[in-house]
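Listed below are the residues making up each chain.
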Amino acid sequence: MIDNLRNIFATALKQAFGDDIIPVEPLVVPATNPKFGDYQCNVALPLAKQLKEKPRAIAQQIIDKIDIKDWGNPLEIAGPGFINITIKSEYIAKQIGEVYQDENLGVSKINNPQKIIIDFSSPNIAKEMHVGHLRSTIIGDTIARILEFRGHDVLRLNHVGDWGTQFGMLIAFLRLEKPEVLTTANAVDIGDLVTLYKQAKLKFDQDKEFKETARQEVVKLQNKDPESIKAWQLLCEQSRKEFQVIYELLNIQINERGESFYNPFLPDIIKDLEDADLLVKDDGAKCVFLDNFVNKKGEPLPLIVQKSDGGYNYATTDLACLKYRIQQDKATTIIYVTDAGQANHFTQVFQVAKKANFIPENVKLVHVPFGLVLAEDGKKIKTRSGETIRLKDLLDEAVNRAKKDLENRLETEARNEDENFIHQVSQIVGLSAVKYADLSQNRTTDYKFSFNKMLALQGNTAPYLLYAYVRVQGVSRKGNINLENLNINQGIILKEDSELVLAKHILQLDYIIKEVEKDLLPNRLCLYLFELSQKFNQFYDQCPILQAEEEVKLSRLILADLTAKVIKLGLSLLGISVLERM
RNA sequence: GGGUGCGUAGCUCAGUUGGAUAGAGCAACUGCCUUCUAAGCAGUCGGCCACAGGUUCGAAUCCUGUCGCACCCGCCA
């Protein structure tokens, strides 16, 4: 819809002022206020300077070139020179019919699909996933789903922390304390592993002799000592299984390709940087000096790519990663979903990669940063004893609370439901509440985590959206109507205000999805779905469906069913499933 | 000290990239269930958009400065 309008206005602009006109983007946007119509074109104001004419006169000349009678009411010039566009309700009705029959609900596929890598989640081996991994995991997943839906070729990569000095430490410790862990699968669970890790760290910091053993263990690992590699693989396997539990709970698809994958390519990176004349030895470490990054004294800051002991660090891995993803995976867009604290790191790595000519013109590197999850008091989220909260515990609590809410409601409403129903509903409500609460915030800022707010049945929450969907299914059950078999041929009738408002909102799905694809802000999709649910509830309140006369009833059923379809699609893009009853 | 981000209603947050009288939700208060799930709807109350300048037809949005908060800053990731 909006694309059509933009084309119409672009053509009109050229007809009125010639091809040389410098276009102002965007040409058409949804109206900021319903009283200004459905869409508006604001270009006359900025063009005033360029054309040396009055804005209202410019607006008039644009209007004169537009033939509107098929789809809109006469265009109006308002205020200093805004052009207000109102779409005829017959045209809206026609569009609704088309969207209803389109399997993608009017969202077109992209013309030039890209190969996109999304790097997200990325927990560390031998550690448990905690709240900190929540945002990366679900934001990354949502972005992947949206880009896939638009037709891109998406590769989801889990850049797990599966390498580094800490493994030497852990393996050395286990050799002493729990050797069976290193030779048998499933000898400990992850919780114990985390405890052992902490003990190892303690010993590492206190015991000089142990520290040396740990160092030697790193060397053995790096030299591919079979016994050490075997131990390392067992540890990874153990963690992997634990991650999988979370991913299945959250319905996350992701391919593991950890840091260790890039080990063989690290020496080449140093060589590349050397060949590009970028490498400088400083204090024994090999570095690349950066532009626009200075230390306290105003001297350029280095990016260290090889430590003085010969070891590589994460900057090196990230460079190898970039090179591999571009050359081997043929990625044209690479997206990193990490916390905002790593913004500096990525600017630095991207800068060096560009200097080293790793990044061709057509490749886009995108850091998608997000803020922290805070406790309700605005401080860092922690358990009472001051430890980080395990992601598993957090999700379990959400589900348990959802279950309690449900059981309370069943009691007050004197409803009887079986165990299976209660389990399924609380599972979906609890998990979707956590996901939705996160995704509905603008990801760039920190947000306060509140079970009460996310599980609330009113407001911009998952349960509110789920309920709107359930209401439609309720109508179909009550009326004994199969929504799959509605006869669309009769056409849609939009007479009541709330019908028209709902219909117009449905038609914006296409625009919203494209906006989210562009700026990678899932909260905009959430807001759209929330407003959709609100508009549906208003319609539901004001327009009886089943009691209406036959033609109107069919039309309203289609509108309700289409709303449900949009909610279902929208939520699926957020990684959330719907319920038939709740 | 330098860098980045943030500061919007009592609370939690939007604000479509510079557009019209700044919007939601929660909380508080008032109405609406013999009618498709009231888990809803309608309404009232609530603002110096941190502060001060500047840019222009027009600023919560862009620039400069000040204050406050958070995060990052050479061999961890």
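Note: the structure precedes this text.
Residues numbered from 1 in each chain as written. Chains lettered and ligands numbered in written order. Predicted model: local features only at pLDDT ≥ 70, side-chain atom pairs only at ≥ 80, totals over all residues. Heavy atoms only, no water.

1. Notes on unusual backbone geometry
Note the threshold: Put simply, DSSP marks the helices as runs of H or I at least four residues long and the strands as runs of E at least two long, and each gets a number from the N terminus on. Categorising residues by exposure relies on relative accessible area from a 1.4 Å probe, with only protein chains included: less than 20% of the type maximum marks a residue as buried, more than 50% marks it as exposed, and the intermediate range marks it as partly exposed.
Backbone geometry places S121, a non-glycine residue, at a positive phi of 75°. Structurally, S121 is set in the loop between β5 (115-119) and α5 (131-149). Judged by relative accessible area, which is 4%, S121 ranks as buried. Of note, L520 is a non-glycine position whose phi angle comes to about 55°, a positive value. On the secondary structure map, L520 appears in the loop between α18 (509-519) and α19 (523-542).

2. Details of the protein's contact with RNA strand B
Worth spelling out the cut-off: A molecule or strand has a residue near it when one of that residue's heavy atoms lies within 4 Å. Between N or O atoms, a polar contact is any pair within 3.5 Å; within protein, one atom must be a potential hydrogen donor and the other a potential acceptor, and residues adjacent in sequence are included only when both atoms are from side chains. Residue classes follow a fixed rule: Ala, Val, Leu, Ile, Met, Phe, Trp, Tyr, Cys and Pro count as nonpolar, while Asp, Glu, Lys and Arg count as charged, and any other residue, Gly among them, counts as polar.
Neighbouring residues of RNA strand B: 66 residues in total, closest K307, R409, Y467, R471 and Y540. The backbone of D283 places a nitrogen or oxygen atom 2.9 Å from a base nitrogen of RNA strand B. Here a phosphate oxygen of RNA strand B sits 3.1 Å away from a polar atom, N or O, in the side chain of K307. Of all the elements in the fold, those that place two or more residues in the surface near RNA strand B are α2 (44-51), β4 (82-85), β10 (300-306), β14 (447-448), α16 (462-478), α18 and α19. For the surface near RNA strand B, the element with the most residues is α19, which contributes nine residues. Residues belonging to the surface near RNA strand B are distributed by class as follows: 26 nonpolar, 20 polar and 20 charged.

3. Structural notes on the pattern of salt bridges
Condition: Within this document, salt bridges are pairs made up of a side-chain nitrogen of Lys or Arg and a carboxyl oxygen of Asp or Glu, the two lying within 4 Å of each other.
Enumeration over the complete set of coordinates arrives at 34 salt bridges. Its salt-bridge partner being R325, residue D119 comes within 3.0 Å of it at the nearest N-O pair. You can see D119 sitting in strand β5 and its partner R325 sitting in helix α11 (residues 314-327), a full 206 residues away along the chain. On the accessibility criterion, D119 (5% relative accessible area) is buried. The class of R325 is buried, set by a relative accessible area of 0%. E499 is the salt-bridge partner of R556, the closest N and O atoms lying 2.9 Å from each other. A residue pair is termed long-range when its members are at least 10 positions apart, and R556 in helix α20 (residues 550-573) and E499 in helix α17 (residues 497-506) qualify at 57 residues.

4. Brief notes about the environment of L486
Filter applied, for reference: We call two residues in contact whenever any of their non-hydrogen atoms come within 4.5 Å of each other.
One can find L486 in the loop between α16 and α17. Here L486 falls in the buried class, since its relative accessible area comes to 14%. Along the chain, L486 and K178 lie 308 residues apart, while their C-alpha atoms are 65 Å from each other. Beyond its immediate stretch of four places on either side in the chain, L486 contacts Y100, I481, L554, L557, I558 and D561.

5. Side note on the sheet that holds strand β8 (residues 279-282)
Cut-off, in case you're wondering: Paired strands, in this sense, are two strands between which DSSP finds at least two bridges. Axes, fitted as lines to C-alpha atoms, cover a helix only where it is in contact. Angles between the N-to-C directions of the axes lie from 0 to 180 degrees.
Spatially, three strands are ordered β8-β9-β10 in an open sheet, and the strand pairing comes out antiparallel. Two strands in the sheet have a free side with no partner beyond their single neighbour: β8 and β10. Each adjacent strand pair in this sheet contributes to an overall mean axis angle of 55°, direction not counted. Where β8 lies against strand β9 (residues 285-294), four bridges are found, and the strand directions are antiparallel. For D282, the partnering residue across the bridge sits in β9 and is A285. Its contacts with the sheet put helix α12 (residues 343-355) on β9 and β10, and the angle it makes with β9 is roughly 110°.

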